[in-house]
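Take a look at the letters that make up each chain.
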Amino acid sequence: MAAICLKVKEKTEVTTTYFLFLRKRSQTAAAMAKLILLLLKCILFCGTVYAVFEDQVGKFDWRQQYVGKVRFCHFDGHMQSSKKVLLATESNVFAALNTRTGEVLWRHVDKTGPEGNIDAFLQNGQDSVLVVGNGRVLRSWETNIGGLNWEVVLDSGSFQSTCLVGQQGTVKNVAVLKKTAISLHYLSNGHQKWIENLPDSDTVDYQTVYSGGNGEVYVLGVVPHSHIAVVAFSVDDGEILKQSSVEAPWLSSIPESCQIVDQEMLICVDSTTMSLYTLDLTLQLQMNQIPLQSLELEVDPDFRPSLVSHQPNPAKQPLSEFFLQLGPDRYVLLQFNSGQIVMLRDFKPALLVSFATTGEKTVAAVMSPKNKTVSIVFNVLYYVAPATQASTINLYNAETGRRLLDTTLIFTMDPNGGKPERLNIQAFLKKDDSVGYRVMVQTKDHALTFIQQPGRVLWTREEALSDVLTMEMVDLPLTGTQAELEGEFGKKTDGLMSMVFKRLSSQLILLQAWIAHLWKLFYDARKPRSQVKSDISMENLSRDEFNLQKMMVMVTASGKLFGIDSKTGGILWKHYLENIPSNAGFKLMVQRTTAHFPHPPQCTLLIKDKDTGLASLHVFNPIFGKMSHVTPPALPQPILQSLMLPFMDQDYAKVLLLIDDQYKVSAFPSTKYVLQQLQEMAPTIFFFLVDSSQGRLSGYRLRTDLSTEQIWEVILPTEIQKIVSVKGKRPNEHVHSQGRVMGDRSVLYKYLNPNLLAVVTESTDLHQERSFVGIMLIDGVTGRIIHEAVQRKARGPVHVVHSENWVVYEYWSTKSRRNEFSVIELYEGMELYNSTAFSSLDRPLVPQVLQQSYIFPSSISTMEATLTEKGITSRHLLRIVSLPKMFLDPRRPEMASEQSREENLIPYAPELMIRTEWFINYNQTISRVRGIYTAPSGLESTCLVVAYGLDIYHTRVYPSKQFDVLKDDYDYMLISSVLLALFFATMISKRLAEVKLLNRAWR
Amino acid sequence: MSRHWIGDTLASDGLEAEFNGLSVPLEHSFELDDVAKFQLRGSLMLKTGREPSVSLNQNQLSEEDRTKLKEVAAVDGLYRIRVPRVFLQADKQTEWQTEGHLTAFVRACAMVESHLSDVITLHTDVSGYLIGVSIVTLPGACRGIEVEDEVDLEVFNTTLSIMAPVNAPGPETALFIQRMEQEFEKKGKNPQEQKSFFAKYWMYIVPLVLFLMMSGAQDQSGGGGGGGGNGGGR
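Residues numbered from 1 in each chain as written. Chains lettered and ligands numbered in written order. Predicted model: local features only at pLDDT ≥ 70, side-chain atom pairs only at ≥ 80, totals over all residues. Heavy atoms only, no water.

Asks: Just to check I follow, could you spell out the overall build of chain A for this structure?
Replies: Secondary structure summary: chain A contains nine helices and 62 strands in total. Looking at chain A residue by residue over its 1003 residues, the buried ones come to 50%. Across chain A, every contact between residues at least 6 apart in sequence was considered, and the portion connecting residues at least 24 apart equals 50%. For chain A, the computed accessible surface area is about 48500 Å², with 54% contributed by carbon and sulfur atoms. (Helix = DSSP H or I, 4+ residues; strand = E, 2+ residues; numbered from the N terminus. Buried < 20%, exposed > 50% of the residue type's maximum accessible area, 1.4 Å probe, protein only. Contact = heavy atoms within 4.5 Å. Areas by Shrake-Rupley, 256 points an atom, 1.4 Å probe, with all protein chains shown as cover.)

Asks: Help me out: how do you make sense of the overall build of chain B in this one?
Replies: Along chain B, the regular secondary structure elements total five helices and ten strands. The burial tally for chain B puts 40% of its 234 residues in the buried class. Excluding contacts between residues fewer than 6 apart, the proportion of contacts in chain B whose partners are at least 24 apart in sequence is 69%. Accessible area of chain B: about 13200 Å², with a carbon and sulfur share of 55%.

Asks: In this structure, what is going on with the packing of aromatic side chains? I would like to understand it.
Replies: Aromatic ring pairs are reported here in terms of the distance separating the ring centres and the angle at which the planes meet. Residue and element names in this part refer to chain A. One pass over the structure, following the stated rule, counts 24 aromatic pairs over all chains. Judged by centre distance (5.2 Å) and plane angle (40°), the rings of F323 and F355 are tilted. One end of the pair, F323, is in strand 23 (residues 321-327); the other, F355, is in strand 26 (residues 352-358), and 32 residues separate them in sequence. Residues F323 and F355 agree in their burial class; the two are buried. (Phe/Tyr/Trp six-rings, centres within 6.5 Å; stacked < 30°, edge-to-face > 60°.)

Asks: Honestly, the interface of chain A and chain B in this entry has me stumped. Any pointers?
Replies: Many analyses report the size of an interface as the accessible area lost when the parts associate. Between chain A and chain B, the contact holds 56 residues from the first and 49 residues from the second. Run the count over chain A and chain B and you get one salt bridge. In this structure, E709 of chain A and R80 of chain B form a salt bridge, with 2.8 Å as the shortest nitrogen-oxygen distance. Applying the counting criterion to the chain A and chain B interface returns eleven residue pairs in polar contact (both at pLDDT 80 or more). Those elements giving two or more residues to the side of chain A that touches chain B turn out to be helix 1 (2-25), helix 2 (29-46), strand 46 (708-715), strand 51 (772-779), strand 52 (785-792), strand 55 (818-829) and strand 56 (848-856) of chain A. Across the side of chain A that touches chain B, the residue classes break down as 31 nonpolar, twelve polar and 13 charged. (Salt bridge = Lys/Arg side-chain N within 4 Å of Asp/Glu carboxyl O. Polar contact = N/O pair within 3.5 Å; in protein donor to acceptor, adjacent residues only side chain to side chain. Nonpolar A, V, L, I, M, F, W, Y, C, P; charged D, E, K, R; others polar.)

Asks: For this particular structure, what's the right way to read the state of the cysteines?
Replies: Each disulfide consists of one covalent bond between the sulfur atoms belonging to two cysteines. Residue and element names in this part refer to chain A. Within this structure, the stated rule accounts for one disulfide over all chains. Here C258 is linked by a disulfide to C268, with a sulfur-sulfur distance of 2.0 Å. Measuring handedness by torsion sign, the sulfur bridge of C258 and C268 sits at about 105° and is right-handed. A residue pair is termed long-range when its members are at least 10 positions apart, and C258 in strand 18 (residues 258-261) and C268 in strand 19 (residues 265-270) qualify at ten residues. (Disulfide = S-S within 2.5 Å.)

Asks: Quick question: what am I supposed to make of a negative patch on the surface here?
Replies: Residues and elements named next belong to chain A. Negative charge collects at one region of the surface, where E54, D55, D969 and D971 lie side by side. Here D55 lies in the loop between helix 2 and strand 1 (62-64). For D55, a relative accessible area of 62% gives the class exposed. (Patch = residues over 30% accessible without salt bridge, like charges linked within 9 Å, V, L, I, M, F, W, Y side chains within 5 Å. Lys, Arg positive; Asp, Glu negative; His and termini not counted. Charge placed at Lys NZ, Arg CZ, Asp CG, Glu CD.)

Asks: Just checking my understanding: could you explain the sheet that holds strand 14 (residues 205-211) of chain A for this structure?
Replies: Backbone hydrogen bonds are what pair the strands of a sheet, in a parallel or an antiparallel way. Residue and element names in this part refer to chain A. Reading across the sheet, the four strands line up as 14-15-16-17 and stay open at both edges, with antiparallel pairing between neighbours. For this open sheet the edge positions go to strand 14 and strand 17 (240-247), each flanked by a neighbour on one side alone. For this sheet the average axis-to-axis angle between neighbouring strands, irrespective of direction, equals 20°. Taken together, the seven bridges between strand 16 (residues 227-234) and strand 17 define a ladder with antiparallel strand orientation. Among the inter-strand pairings, F233 is bridged to a residue of strand 17, identified as I240. (Pairing = 2+ DSSP bridges. Axes fitted to C-alpha atoms, helices over the stretch in contact; angles between N-to-C directions.)

Asks: Explain the pattern of salt bridges to me, please; I cannot follow it from the model alone.
Replies: In a structure, side chains of opposite charge can pair up when their charged atoms sit close to one another. Tallied over the entire structure, the rule returns 33 salt bridges over all chains. Close ionic contact of K37 of chain B with E31 of chain B constitutes a salt bridge, the shortest N to O distance being 3.7 Å. Note on E31 of chain B: relative accessible area 10%, which makes it buried. Residues joined in a network through salt bridges with shared partners are D445, E462, K560 and K574 of chain A.

Asks: Where do I start with unusual backbone geometry in this structure?
Replies: One can expect most non-glycine residues to show negative phi and most peptide bonds to be in trans. Following K348 of chain A, the chain continues to P349 of chain A via a peptide bond in cis, the omega torsion being 0°. Within the element layout of this structure, P349 of chain A appears in the loop between strand 25 (340-347) and strand 26. Residues other than glycine seldom take positive phi values, yet K793 of chain A does so here, at roughly 50°. Note on placement: K793 of chain A falls in the loop between strand 52 and strand 53 (794-803). Even without glycine at this site, D76 of chain B takes up a positive phi of about 60°. With relative accessibility at 31%, the residue D76 of chain B sits in the partly exposed group.

Asks: Explain the sheet that holds strand 28 (residues 389-397) of chain A to me, please; I cannot follow it from the model alone.
Replies: Residues and elements named next belong to chain A. With antiparallel pairing, the four strands of this open sheet are ordered in space as 26-27-28-29. Single-partner strands in this sheet number two, and they are strand 26 and strand 29 (409-413). Between one strand axis and the next, the sheet turns through 25° on average, direction left out of account. Of the pairings in the sheet, the one linking strand 27 (residues 361-369) to strand 28 comprises seven bridges and is antiparallel in character. What sits directly across from A364, in strand 28, is Y396.

Asks: Would you take a moment to explain the confidence of the model for chain B for this structure?
Replies: Close inspection of predicted coordinates is inappropriate for parts of the model with low pLDDT. All names here are of chain B. Looking at chain B as a whole, the pLDDT averages 74, with 74% of positions reaching at least 70. Mean pLDDT per element in chain B: strand 1 (residues 6-7) is the minimum at 38, and strand 10 (residues 166-167) is the maximum at 89. Between residues 221-234, whose pLDDT stays under 50, and residues either more than four places distant or in other chains, the model counts nine contacts. Reported for the predicted complex are a pTM of 0.77 and an ipTM of 0.74. (pLDDT = per-residue confidence, 0-100.)

Asks: Got a minute to help me understand the nonpolar core in this structure?
Replies: Across soluble globular proteins, nonpolar side chains show a tendency to be buried alongside one another. Residues L44, L46, Y79 and L122 of chain B are the most contacted members of the largest nonpolar core, which totals 37 residues. By residue number, the principal contributor to this core is helix 3 (residues 108-113) of chain B, which donates five residues. (Core = buried A, V, L, I, M, F, W, Y, C linked by side-chain atoms within 4.5 Å.)

Asks: Hey, could you run me through the environment of Y908 of chain A in this one?
Replies: Considering the arrangement of structural elements, one finds Y908 of chain A in the loop between helix 8 (898-902) and strand 60 (929-936). Between the C-alpha atom of Y908 of chain A and that of E421 of chain A, which follows or precedes it by 487 residues, the distance is 59 Å.

Asks: Would you explain the confidence of the model for chain A in this entry?
Replies: All names here are of chain A. Confidence in the prediction of chain A, expressed as mean pLDDT, is 80, and 84% of residues score 70 or more. Predicted confidence in chain A is weakest over helix 1, with a mean pLDDT of 32, and strongest over helix 9 (residues 972-1002), with 94. Note on residues 372-387: pLDDT under 50 across the span, and 19 contacts to partners over four residues away in sequence or across chains. Across residues 531-535, where pLDDT falls below 50, the model places three contacts with residues more than four positions away in sequence or in other chains.

Asks: How should I be thinking about a nonpolar patch on the surface in this particular structure?
Replies: A cluster of nonpolar residues, F197, F198, Y201, W202, M203, Y204, V206 and L210 of chain B, forms a patch on the protein surface that exposes about 910 Å² of accessible area. Relative to the elements of secondary structure, M203 of chain B occurs in helix 5 (residues 197-233).

Asks: Before we go on, may I ask you to explain helix 1 (residues 63-74) of chain B in this structure?
Replies: Since the α-helix advances by 3.6 residues per turn, residues separated by three or four positions end up pointing in the same direction. Residue and element names in this part refer to chain B. For helix 1, built from twelve residues, the straight-helix expectation of 16 Å at 1.5 Å per residue is met to within 8% by its first-to-last C-alpha distance of 17 Å. For helix 1, the full list of buried residues reads D65, R66, L69, V72 and A73. Projected onto a plane normal to the axis of helix 1, the buried residues spread over an arc of 130° and lie on a single side. Helix 1 presents E64 and A74 as exposed residues on the side facing more than 90 degrees away from its buried surface. Residues of helix 1 that are buried sit in contact with strand 3 (39-47), strand 5 (78-86) and helix 3. Phi turns positive one or two residues past the end of helix 1, at D76, with a value near 60°. (Expected span 1.5 Å × (residues − 1). Arc of directions from axis to C-beta.)

Asks: Help me understand the side chain of S234 of chain A, please; the structure alone is not making it clear to me.
Replies: Residues and elements named next belong to chain A. One can find S234 in strand 16. A residue is classified by how much of its surface remains accessible, and S234, at 9% relative accessible area, is buried. At 3.2 Å, the side chain of S234 forms a polar contact with the side chain of D237. Look past the residues within four positions of S234 in its chain and what remains in contact with it is W194, G215, E239 and L241.

Asks: I tried to follow the environment of R63 of chain A on my own but got confused; where do I start?
Replies: All names here are of chain A. Here R63 is to be found in strand 1. Accessibility expressed as a relative area gives 30% for R63, which makes it partly exposed. Each C-alpha atom, one on R63 and one on D119, is 29 Å from the other, the two residues being 56 residues apart in sequence.

Right under this line is the structure:
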């Protein structure tokens, strides 16, 4: 409070000088009135120093919006000029992208989990129909602006399939097939036209619904390895028109092996009998077997063949042409012609195929690998990039299989990306009535690439970033010249002369760099402003003055790693790790920072299969994303725990210890030097393991032979409570003050135990009267329970932040039905036990524990403490709130006394109001934040914050305001002109005084 | 919080016949090769019920053990203790015992240098299960002081306590409302202090503003067109 007051005072003084100065210049009334206004405004503005000014929007912060891995994709095709592509994703997002730029036009984020899961997506003209949440809801969206047309809740039952139903050339209805019933809805308002129960639904597994626009809706079901059931409903009233069953003992799933082509013709493929089967749905007599051999085709061994067909208009019959996939890189285009199957063209090799329709024309697009052009790129860093691979996409006439001229498109695969997975073709008619197209390629690393002929990439979206699991921020390296200077001090002394020479040469290099910089400035000044906009590239990556620009290394669930510039959000490198198990857990560790020139920085990613516990290591350079030449050790045993030791090997890489399920320890890097060091330090290396299924916390000590021994054990009975989280402190945090100065000028020392763990438990009994949240503070070395508290009538999810001498946790109070915060602070008392060093083994006294709780008016998804220690940053559903730690202080008194006022303690208030200026992301909504990462910068006042989830948001926060930076609207001109004016005024008055003296002397 | 200090429970009051509760072995281990071999150190008398308490009945260290402890201390070995996991609320003997032990350790040298003065704390959870044990010595440091007198290492000087979790406070709304009411009453009494800044100092502000406006108006009429142009410039 006092600080703000002081600031106001300063500001007024400055403004008064301003005011006087201007008064000299022009003494007009208008100016005067303006100035008074200005003065008042200044005072008013001083109160809101936290907030961002309008012109600062986007200056220090950026946001990137993602949609997730694409599941369904449709091009908005009702107008030729449309620039939209509609996507439904596995992250339960429905969005429209601008096809020219790749930006999100609009986006709807549904609930996470199966409740918001998008089951099906149908597109008709301007309307998009979605089935959501396993057939719970049917929604229709207007695609132009993304507005909701209607929404209906469907009857319960698990969703099977859906299709659009047309009659006489227009689509009016949508059919939804559930396990036991089929319903028909109007497309215009969602109202149910009719609903019918399916016959024999307890024995028949109904899987597909189909309509060819002739007034009938076919429902196809299967009794596995027995027969197909076909039921035809009338579109008008839902009456069953026909019902029959056809023998098909080889069939188990219709969507996997069958498609409908031509006029109600069901075509299936079976790999055991190597045959195609056809069934006319209107006659429903029997399956007609056509052996593949008769077509002179053969399926690759161990490959399950599949079919691809196309229905350009839901009110009309599908094409009679279809693709049959015979192997991983072989497709054939077949045609069904009056009971006969004719082969049109054999595509080998072909990676992906797709149909596309524009107007009346339908084309087939085929992607095939180009003759492998192996180009090996030698990089500066002892590293050979993998060969880039190119593929070509060609269009073929769907009816004849003839290749269309001038339709070749080259798709160059990113060597650091995944293989292409799906083709989405946007076809359009050119002015000369030929077909042109653009293509959106989906690759295995969840990236979308939009390409125009003849291979120009319009945009790329890295949707893997919608699922960031963990991240680190790494300082950028120094520039060559800076490093040169640093290196001068790092090397051994050679003698006087050589030292002098070295110094001179490095000074010369600096001068050279400075001149080059000046020249560049001069050169850039002549260019228009927009072009100068510095584009960050690998070459000019270097640390800025205050270390505000960093490299964000992000690890995503798809196994793709990204290096992102924290200033602009641009992706500087990416690397796709193939063969990542789907349930992998990642742990990213910085082994060597950029501070050890000329050794490159080094990050290690531990990838662990959560089921088997088997792990592997990926070692890379976080600045360039290149794999390190250091070969990581093979890990044959499941890994239980990994920890970074604070000591380094001779190459300044921190040592990583891995503990396997035999409690054996392996080190990485495991050079002789490291092993020797480890042996020396073994008795001082402790670690702990948590087994939450058994409620067991156990401590281990390293032995000199790198085996381990258990030294303590704490067991929480699992029938009462379960361990939900264990939080230690961040190893890189700095504590600025050892204690707090009290009102009477004595010091209350903090209990700063770096080994302290906060263990949070939740009761297994969830009854609202008996449920509780337990919090235990345990020393990780000795296993000593420092404090044990129970929050009664409370429930999770509990979010914990543990830093310095305090633990803050948030829980749900079942009694009062609200979110509450509780803070625990630990103090040693008025005297320090051993002020020189902290050892868990020698700290016999129990610290004083203070605790206070508050009501928080909003729910929280994740919390993190800022690394410049003044504030804790918490988040709620959509926005990020930065909450000063000052408000979470168990020493806040009931009544404000003289002493507590001197300590700057705010009187206790049970409710923590969220002030609007605490929202650090102002009106930039961030969806589904999963984690917040904070990193210190070179400025003490500034902390970098990254929130990641579906979106990524980066900004700077100033927990104690910008006390060490001049504001960016600081008026240099004014200050210098005031100074100059004063200088001249003194000169002139001096001169005048002299003249006056002279005159007086003459008199 | 239930914290019962039962200090110095040595053999002096060994009459525990009327003691109503469980007797649990306290075991210790100190070996040169650091492979735990637990031996009986004494027995803990746990009083069950709402407010559990504990007392300790322990043996003296034998001559052999004393020398071994000093040897272990010389190589910086560990002195470990363990207690079985028990449930303090159960009535019957059969119910309280569960599998496994809770272990803790302290450096053997600290044990020697403190002349066997240790502080053992037993921690229970909400329902009375023993979840952890901790041991520290007073003083806790190892300074390498030689303990000459063998007698110092004969008898344990143990401070024993049992601790249940404390109840964490919830938000204190009632007190806050009370305080707010008090303040409200106080304010009601003397409305004099409630005046705003403007209400207090209007007599200074109004003449100042008037003066400025007057001087400005004069200036404008005198300055004419030129003055106006000048004014627009700033």
